Structures are given as structure tokens and as C-alpha cells.
Amino acid sequence: NPGLTLLLASIAGMTAFGCYAQPQASVATPEPAARTSCDRDCLVAIADRYVAALVDHMPSSLPVAPGVKFTENLVPLRYGQQGLWQTVSGRRDFNIYAADTDSGNVVWIGIVRENDKPVMMAARLKVVNHRVTELETLVGRSALTGADKVEGPRPDFAQVEPEGERLDRKQLIAIANSNWEAMERGDGHAAPYAEDCERYDNGEKTTRGNSRAEAAADSGASPDDRSCFGQMNSGRFNNGNKVWPRRVWAVDREHGLVVGLYTPNVPGNVREIHLRGGKVLVADASELLPFTIEQVEMFKIVRGKISKVEVVLGPRVPYGMRSPFDMKTLWDPR
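The following paragraphs examine the structure supplied in this document. These numbers were taken from a predicted model, which means no experiment stands behind them.

Before going further, it helps to spend a moment on unusual backbone geometry. Of note, the bond from Trp244 into Pro245 is cis; its omega dihedral lies within 30 degrees of zero at 0 degrees. The phi angle at Asn73 is positive, at roughly 50 degrees, despite the residue not being glycine. With respect to the element layout, Asn73 can be found in the loop between strand 1 (64-72) and strand 2 (75-76). One non-glycine residue with positive phi stands out, namely Leu74, at about 80 degrees. By the secondary structure assignment, Leu74 is in the loop between strand 1 and strand 2.

Moving on, we come to the nonpolar core. If you look at the biggest cluster of nonpolar residues, it comprises 31 residues, and the most contacted ones within it are Tyr50, Leu125 and Leu135. Apart from the residues within four sequence positions on either side, Leu125 is in contact with Ile46, Ala47, Tyr50, Leu62, Gly104, Asn105, Val106, Val132, Glu134 and Leu135. In terms of nonpolar packing, the next biggest core, distinct from the first, is built from 29 residues, Leu144, Ala176, Met183 and Val258 among them.

Inspection of the entire model under this criterion finds 20 salt bridges. Note that Glu161 is salt-bridged to Lys300, the shortest N-O span being 2.8 Å. Placement of Glu161 in the loop between strand 6 (131-139) and helix 4 (169-185) and of Lys300 in strand 13 (residues 291-302) is noted, with a sequence separation of 139 residues between them. Across the pair, exposure class does not vary: Glu161 and Lys300 are buried alike. The shortest N-O distance in the salt bridge between Asp326 and Arg247 comes to 2.7 Å. One end of the pair, Asp326, is in the segment after strand 14 (305-318); the other, Arg247, is in strand 9 (residues 242-252), and 79 residues separate them in sequence.

Our next topic: the sheet that holds strand 7 (residues 193-201). Strands sit in the order 8-7-14-13-10-9 across an open sheet of 6 strands; the sheet is mixed. Because the sheet does not close on itself, it has two edges, and the strands there are strand 8 (204-205) and strand 9. Pairing geometry for strand 7 and strand 8, over 2 bridges, is antiparallel. Looking at the pairing, Asp201 lines up with Glu204 of strand 8.

Turning our eyes to something else, we now look at the side chain of Asn95. Tracing the backbone through its elements, the reader meets Asn95 in strand 3 (residues 88-100). At 2.8 Å, the side chain of Asn95 forms a polar contact with the side chain of Arg91. Those residues in contact with Asn95, other than ones at most four positions away along the chain, are Trp108, Ile109 and Pro153.

Once that is clear, we can look at the environment of Leu62. Note on placement: Leu62 falls in the loop between helix 2 (40-55) and strand 1. Placed 16 residues apart in sequence, Leu62 and Ile46 show a C-alpha to C-alpha distance of 7.6 Å. Filtering out sequence-adjacent residues up to four positions away, Leu62 remains in contact with Ile46, Arg49, Tyr50, Ala53, Tyr79, Leu125 and Val132.

Reading the values: rules and limits
Residues numbered from 1 in each chain as written. Predicted model: local features only at pLDDT ≥ 70, side-chain atom pairs only at ≥ 80, totals over all residues. Heavy atoms only, no water. Helix = DSSP H or I, 4+ residues; strand = E, 2+ residues; numbered from the N terminus. Core = buried A, V, L, I, M, F, W, Y, C linked by side-chain atoms within 4.5 Å. Buried < 20%, exposed > 50% of the residue type's maximum accessible area, 1.4 Å probe, protein only. Contact = heavy atoms within 4.5 Å. Salt bridge = Lys/Arg side-chain N within 4 Å of Asp/Glu carboxyl O. Pairing = 2+ DSSP bridges. Polar contact = N/O pair within 3.5 Å; in protein donor to acceptor, adjacent residues only side chain to side chain.

Read these as spatial facts, not as claims about activity.
In C-alpha cells form, the structure reads like this:
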């Protein structure tokens, strides 16, 4: 699969700190804090103020709490002074939001210009008493990108789900996590993919064709099946890959959205990848070393199925590297 091979092989970037241990199947699903006084409109407005402050190079225009915690691509930096704050040169009209009024988190996915080059990015803002206490960002500086040509955000992410069809928080998180179970096990049946499921990595569509219908006969693992189901069902990721941590950034029940920071870890010791159907894929040099991929994924869930997936694909980093916001789990096995 050329698109997924690019995902694994063509990402560049290096940062430091982290540790590693053996993987396990547990999943980080933080409980929401008490409902805040900042409703959806309030949270989205604060996200918009952040983007304006970033692009205008005016960090003081965003209401932040003293000692606000700020990271870019897993690294703690000085708020308003380092990283993209220094290199941003504009933005495109591309905005996707997930507002979690239970936890006080809001996520914005959009496209900015960094030294005049379009780049996808995601930001999580934790809002307490109408001030930002945490600002976690991921900038998709990857060779795999469509940020310069994507027309606009998929309208599905702004579609409000009928009140009677909305799932609860735990159900939505479980469905999003099933995508990673499917990936790790090489079994597309582990996740409920809608027939119209599409995935975009940094604006680039990396799926093709419809996923199998729920009642349809399993066609096996055709190398030509590049649907959401087919890619996960192929066994292409049977390279020791474990996705941990899986930290949810926001759950937006009104819009059926789950978005989080997910980090696939590839140990680099699997030389032959056994695909379904008996085919064996020889791993190339880019996979024969330990590494972690940092990515933010937003899942649009409709009637209990994964319909759309928007991904901000970050750089390849040292194996086992974690966000400072995950450091409380530093010594937990993964």
C-alpha cells in the first residue's frame, strides 16, 4: 500500500527524551472533569483566538493562565516565543473543531503557513475559568501532505448528530480505540468501519474505495483493497507496531467526534511482515530501526461506525518518546 508505506517510511524529524518498555493493550481514557462554565461557543471562540494570536505573533492576545504549559511536537517550549510562533507566516481557511464541555478541552485542526509553506497542525487547549492552562500542539511537518492542495475540511466534522442517536462518552472512546486494535492485530473486523469511511493524512486522502458492508462476505485481504477496512485487515502493520499511549484530547458528543494523540511504536526487529492471504512483505531499511510516530487523529462516528478520519501526522521520533502530558505514565509498561 503506497500511502501507508509513505506514512511509515517518508516521515522526517528528530527530537529527544523518552524511554521504552514492553507494550501492553491497556488504553488511556481520562475521565472528564466537572462541567465548566465555558460552553461550546466559548471553547471554539478561545480556539479561534489562539489561531489569531499565533498568526499575528501576538501571544498576549490569548487569555492564558500564569505558568501555562505549552508543547510543540511533544517538546515543552516557551509559550509565544519558540517553535511555530517564530516561523508562522499565515493561514488557510481550514478549520475543524472538537469541543469537550465536560473536560474543558477544545481541539482545533487547521492549516497554517510556515515560512510560506502550507502545513497541517492540531492544537489542544485546556480551558479553566476562561483561561488556557494547557496548550498542546502538533505540527505536521511530514513529507506526506496535501496541505497545499486540499480544498477544505470535510463538512462531516461539523455535522450535528441527532440527539436520539448520540453515543455516550465511553462508547465513543471505545469505538475510536477499536481502530488501533484493528491496526495492531491486522484485523479490520476489530473496528466498525462505515462503508463510506475515508482517511486523510495531513490533508492527503490515503484510502480508496468503500469498506465492506457489515453483512457482506469477507473478501479476504486483497492488496488492492485500500479502504479503511482493507488497509487494517491486510496485516501490513504486523511489524511489532503497538499504539501506546492512546490519550484522548476531546470527546464531542454533539458532533460524534473523538480526537486524541496516538503514538504507534515500531520496534524495528521485524524483517518479514506476514500479510493475510500468505504473502510476505520484506521490510525496507526505514522500518528496521526502532521509532515512534506521533499523530493526532480525529474520528467522526456516525451511528456507531467510523465514518471519517482526519489525521495530523507529525514527525518520526525516538522509539518510546512521550509527551510531557503523558509523563505520569513514564514508567508504565506499554
